[in-house]
Amino acid sequence: MNALPEGPALPQDRLVRTAIPGPRSQELMARKKNVVADGVATTWPVFAARAGGGIIEDVDGNRLIDLGSGLGVTVVGNAAEAVVRRLSAQAARFTHTAFSVTPYEGYVEVCEALAELTPGDHAKKSALFNSGAEAVENAVKIARVHTGRQAVVVFDHGYHGRTNLTMAMTAKNMPFKQGFGPFAPEVYRVPVAYGYRWPTGPDNAGAEAAAQAVDQITKQVGPENVAAIVVEPLLGEGGIIEPAKGFLPAIRRFASEHGIVFVADEIQSGFCRTGQWFACEDEGVVPDLIATAKGIAGGLPLAAVTGRAEIMDAAHAGGIGGTYGGNPVACAAALGAIETMRELDLNARARAIEALVKPRLTAMRDRFDIVGDVRGRGAMLAVEVVKDGASKEPNPQAAAALAKACHQKGVLVLVTGTYGNVIRFLPPLVISDELLAEGLDVLHEALEGHK
Ligand code: PLZ
């Protein structure tokens, strides 16, 4: 492709010039060990010096292919031109006033963009926050005050954050919850349509999982007690699980029938990642509220809740907010990121990435018995690693070994999933076709060399 405007200054090629991690990274890791809490772990003991396009350059001068986007954040690439330009100009004017004390235009402009870009043509309003978890918490607060109800329904394999309420909403215990309880009450978990592991097969998963979820909500919670159903339209940390067709529309219908606020957590799947502005558009699902973060601001901490004006307005004045939410520099970055997504048509680019990567992953599945499943959309793709195709038994050891082999050759892939056996690909959308192909070559070699 390379239809991108003048490429970033950073050379767009893989270069492994030291052992990985190199000596300088090792030195920094030793310093980290002394002063950074052990709970803050790192996927890869390599320290960044520069990043842009599809490359992270480390402090030893190695250039690594980035298939992770810093946990799915840098959709527009690192240090994207429009992001840097706009945030620098804003930082020179002022860096903070607190929107709730002295407002500024950038916040309003971001909310205008969100009203335009999010699904549905109803009147919409937004509130801005700092992190994904904070956005999810606020979506729940708004849904509760709007409905006068307390219960929150979430799904198997769901991930919503690390704060107390969002830990309760997150499915996986280790490492996210272990030892950190007690967790917030009134959170109920129901099945999701995980096609690959659905007992009666992927074709039945959508309808059957929806029926089970509705049945459990009805019997165990009572729909009249449910404030919100919160779902990731394409589950990220749980293992890039696309709910089987029909599942999301059925849950959306059930929510409408019972006055339940349907909240889409698009923190990982939003902003062109899946080839659409938001993943829920794939089945035409219009959420009442949508939580966004990550891709929204090109790497600056910003998050949002956007939704039906009458729901968003339910909270009393001063009921939602925070010191930094919608920071002016982060808002400027968001406007730069959105400008970039539009200008480069990153939705089309995400679909082109899928067209390039998915057939290669499918070929790996056909060749290697430990590659059990290939899934995802756009630039949110994954392979699920198993002991063998027949048993589908999760194989987290092999997933970790494959990721490590890729890391040593200078390709950053992320391992995720409830069973720790999913290798996921969340590249920046401005990565070149050449780097993507080379990253896949390295994974292919790692599979060849496994065992
Ligand atoms: N909802 C769907 O993916 C963050 C977290 C990784 P924050 N995902 C990456 C880790 O180990 O912490 C995420 C998400 C979805 C909510 C969140 C939370 O967003 O910005 O990390 O709070």
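Just so it is clear, the model here is predicted, and its values are computed rather than measured.

A. Representation of the site of the ligand within the structure. Around the ligand, a shell composed of 15 residues is seen, among which Gly132, Ala133, Arg162, Asp265 and Gln268 lie nearest. Interatomic distance of 2.7 Å between a side-chain N/O atom of Asp265 and a nitrogen atom of the ligand. Lys294 places a side-chain nitrogen or oxygen 3.0 Å from a nitrogen atom of the ligand. Here the ligand has 510 Å² of accessible area as a free molecule, and 83% of this is covered by the chains. Of the residues contributing to the shell around the ligand, the split by class is 5 nonpolar, 5 polar and 5 charged.

B. Examining the sheet that holds strand E2 (residues 55-58) more closely. The 4 strands are arranged E1-E2-E3-E13 in an open sheet whose pairing can be described as mixed. Only two strands of the sheet have a single neighbouring strand rather than two, namely strand E1 (48-52) and strand E13 (411-412). Where strand E3 (residues 63-66) lies against E13, 2 bridges are found, and the strand directions are parallel. Residue pairing in the sheet places Asp66 in a bridge with Leu412 of E13.

C. Region of the structure containing the nonpolar core. Judged by nonpolar contacts, the single largest core of 127 residues is most densely connected at Ile229 and Leu361. Counting residues per element, this core draws most heavily on helix H10 (residues 328-343), which supplies 8 residues. For this core, the domains that each give at least three residues are domain 1 (23-76 + 345-449) and domain 2 (82-343). Once you skip the residues sitting within four places of it in the chain, Ile229 turns out to touch Val153, Phe155, Ile217, Ile251, Phe254, Ala255, Ile260, Val261, Phe262 and Val263. The next biggest cluster of nonpolar side chains, apart from the first, holds 8 residues, and it includes Leu234, Met380, Val422 and Leu426.

D. A look at the packing of aromatic side chains. Summed over all chains, the structure comprises 8 aromatic pairs. Seen from their ring centres, Phe155 and Phe247 are 5.7 Å apart, and the 80° between their planes marks the pair as edge-to-face. You can see Phe155 sitting in strand E5 (residues 151-155) and its partner Phe247 sitting in helix H8 (residues 247-257), a full 92 residues away along the chain. For the pair shown, Phe155 and Phe247 are each scored as buried. Among the aromatic side chains, those forming a connected cluster through ring pairs are Phe94, Phe99, Tyr104 and Tyr107. Stacked on the ring of Tyr196, the Lys or Arg Lys392 has its end atom at 4.5 Å from the ring centre.

E. Quick look at the pairing of strand E15 (residues 422-425). The alternating pattern of E15 places Val422 and Arg424 on one face and Ile423 and Phe425 on the opposite face, and all of these are buried. Pairing of strand E12 (residues 380-385) with E15, which is carried by 4 bridges, proceeds in the antiparallel orientation. Across the sheet, the residue bridging to Val383 is Ile423, located in E15. Judged from the 3 bridges that link them, strand E14 (residues 414-416) and E15 form a sheet pairing that is antiparallel. What sits directly across from Val415, in E15, is Ile423.

F. Molecular detail of the side chain of Asp288. Within the element layout of this structure, Asp288 appears in the loop between strand E8 (261-265) and strand E9 (289-292). Only 3.1 Å separates the side chain of Asp288 from the side chain of Arg252, close enough to count as a polar contact. A polar atom in the side chain of Asp288 sits 2.8 Å from the backbone nitrogen of Phe262. Discounting residues that sit within four places of it in the chain, Asp288 has contacts with Arg252, Ile260, Val261, Phe262, Thr306, Gly307, Arg308 and Ile311.

Cut-offs applied
- Residues numbered from 1 in each chain as written.
- Predicted model: local features only at pLDDT ≥ 70, side-chain atom pairs only at ≥ 80, totals over all residues.
- Heavy atoms only, no water.
- Near = heavy atom within 4 Å.
- Polar contact = N/O pair within 3.5 Å; in protein donor to acceptor, adjacent residues only side chain to side chain.
- Areas by Shrake-Rupley, 256 points an atom, 1.4 Å probe, with all protein chains shown as cover.
- Nonpolar A, V, L, I, M, F, W, Y, C, P; charged D, E, K, R; others polar.
- Pairing = 2+ DSSP bridges.
- Helix = DSSP H or I, 4+ residues; strand = E, 2+ residues; numbered from the N terminus.
- Core = buried A, V, L, I, M, F, W, Y, C linked by side-chain atoms within 4.5 Å.
- Buried < 20%, exposed > 50% of the residue type's maximum accessible area, 1.4 Å probe, protein only.
- Domains from an automatic or database assignment.
- Contact = heavy atoms within 4.5 Å.
- Phe/Tyr/Trp six-rings, centres within 6.5 Å; stacked < 30°, edge-to-face > 60°.
- Lys NZ or Arg CZ within 6 Å of the ring centre and 35° of its normal.

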